[in-house]
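As a plain string of letters, each chain reads:
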Amino acid sequence: MAHIIVVGNEKGGAGKSTVSMHVATALARLGHKVNALDLDLRQRTFGRYVENRKAFLASSGLDLPSPDAHELPEIDAAALKPGENIYDHRLSAAVATLEADSDFILIDCPGSHTRLSQVAHSLADTLITPLNDSFVDFDLLARIDASGDKILGPSVYSEMVWNARQLRAQAGLKPIDWVVVRNRMGAQRMVNKEKMERALKMLSKRVGFRIAPGFSERVIFRELFPRGLTLLDLKEIGVKQLNISNVAARQELRELLKTLNLPGVEVNI
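These numbers come from a predicted model, not from an experiment.

> Outline the pairing of strand S2 (residues 34–38), supporting the account with residue identities and numerical values.
Taking burial as the measure, the five residues of S2 include five buried ones, the bulk of the element. Covered by surrounding structure in S2 are Val-34, Ala-36 and Asp-38 together with Asn-35 and Leu-37, the residues of both alternating faces. Pairing of S2 with strand S3 (residues 68–70), which is carried by three bridges, proceeds in the parallel orientation. Pairing of Ala-36 across the sheet is with Ala-69, part of S3. Crossover connection from S2 via helix H2 (residues 45–60) to parallel S3: handedness right-handed.

What follows is the structure, encoded as structure tokens:
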């Protein structure tokens, strides 16, 4: 049975598609069969990333391990029963089709609250939530007092994850392993960074997630997208000597994969 990884955060610009592509490609490089769905039906950043990769590899004559991205199937609305949601059926049909041929199914959610995203969260065995290292983004998870030292209560996204957990419990499924990834972190040790660290640790105990190190802010990620490449592909395309920033970014990816602790995955990249 495929392990379902959902990458979700209702706020845009947190690096969801970058994390999705790097995790999916790393798993493919480790020999796993990875199928993927992009639920942002309008922007399709992750889907475009995979398309860019296919085009670049074809034009370069390269054959690199890659995830396979799929479109949601169309469903005949006339076949639905009263009260049934067409998006529920499109997503469940996609997952049912891919499950037999997948070790992992990765689902990249849009940076907004949608029905598709809601349903996807209830399917997650592992939920990855990239979070910019900012209290503006933290507000999506919880409300915090002016000092940044006291959690006042969970916010909309945490409540949605709680609802997804309830649905899984009712269906007799194992709990979601929720991992919040601190993304786009600055290199310097600043007061805001330390406050964020304390606040996340407090909240993790309250609502139940693990904290993982993500990617620092690096130009390389913006440069890789047009060719659909990841940090793991640089040597194959002729970059013989990685610079210090690239080496550090690859190490960040290794640490993220280790922290995710996905079943059957031995991190040796």
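> Describe the sheet that holds strand S8 (residues 177–183), naming the residues involved and giving the relevant values.
Ordered by their spatial adjacency, seven strands build an open sheet running S3-S2-S4-S1-S5-S8-S9, and the pairing between neighbours is parallel. Pairing within the sheet leaves two strands with one partner each, and these edge strands are S3 and strand S9 (210–213). The sheet shows a mean angle of 25 degrees between the axes of neighbouring strands, direction not considered. By the bridge criterion, seven bridges tie strand S5 (residues 126–132) to S8 in an arrangement that is parallel. Pairing of Thr-126 across the sheet is with Asp-177, part of S8. Set on the sheet, helix H1 (residues 16–29) makes contact with strand S1 (3–7), S2, strand S4 (104–108), S5 and S8; between it and S4 the angle comes to about 170 degrees.

> Go over the packing of helix H3 (residues 86–99) against helix H4 (residues 115–123) with me, naming the residues and quoting the values.
Running from amino to carboxyl end, H3 crosses H4 at an angle of 40 degrees, the nearest separation of the two axes being 9 Å. The angle between H3 and H4 falls in the class oblique. The interaxial crossing formed by H3 with H4 has right-handed handedness. Across the interface between the two elements, Tyr-87, Asp-88, Leu-91 and Val-95 from H3 touch Arg-115, Leu-116, Val-119, Ala-120 and Leu-123 from H4.

Conventions used here
- Residues numbered from 1 in each chain as written.
- Predicted model: local features only at pLDDT ≥ 70, side-chain atom pairs only at ≥ 80, totals over all residues.
- Heavy atoms only, no water.
- Buried < 20%, exposed > 50% of the residue type's maximum accessible area, 1.4 Å probe, protein only.
- Helix = DSSP H or I, 4+ residues; strand = E, 2+ residues; numbered from the N terminus.
- Pairing = 2+ DSSP bridges.
- Right-handed = clockwise from strand over helix to strand, strands pointing away.
- Axes fitted to C-alpha atoms, helices over the stretch in contact; angles between N-to-C directions.
- Contact = heavy atoms within 4.5 Å.
- Parallel < 35°, antiparallel > 145°, perpendicular 65-115°, else oblique.
- Left-handed = near helix turned anticlockwise from the far one by under 90°.

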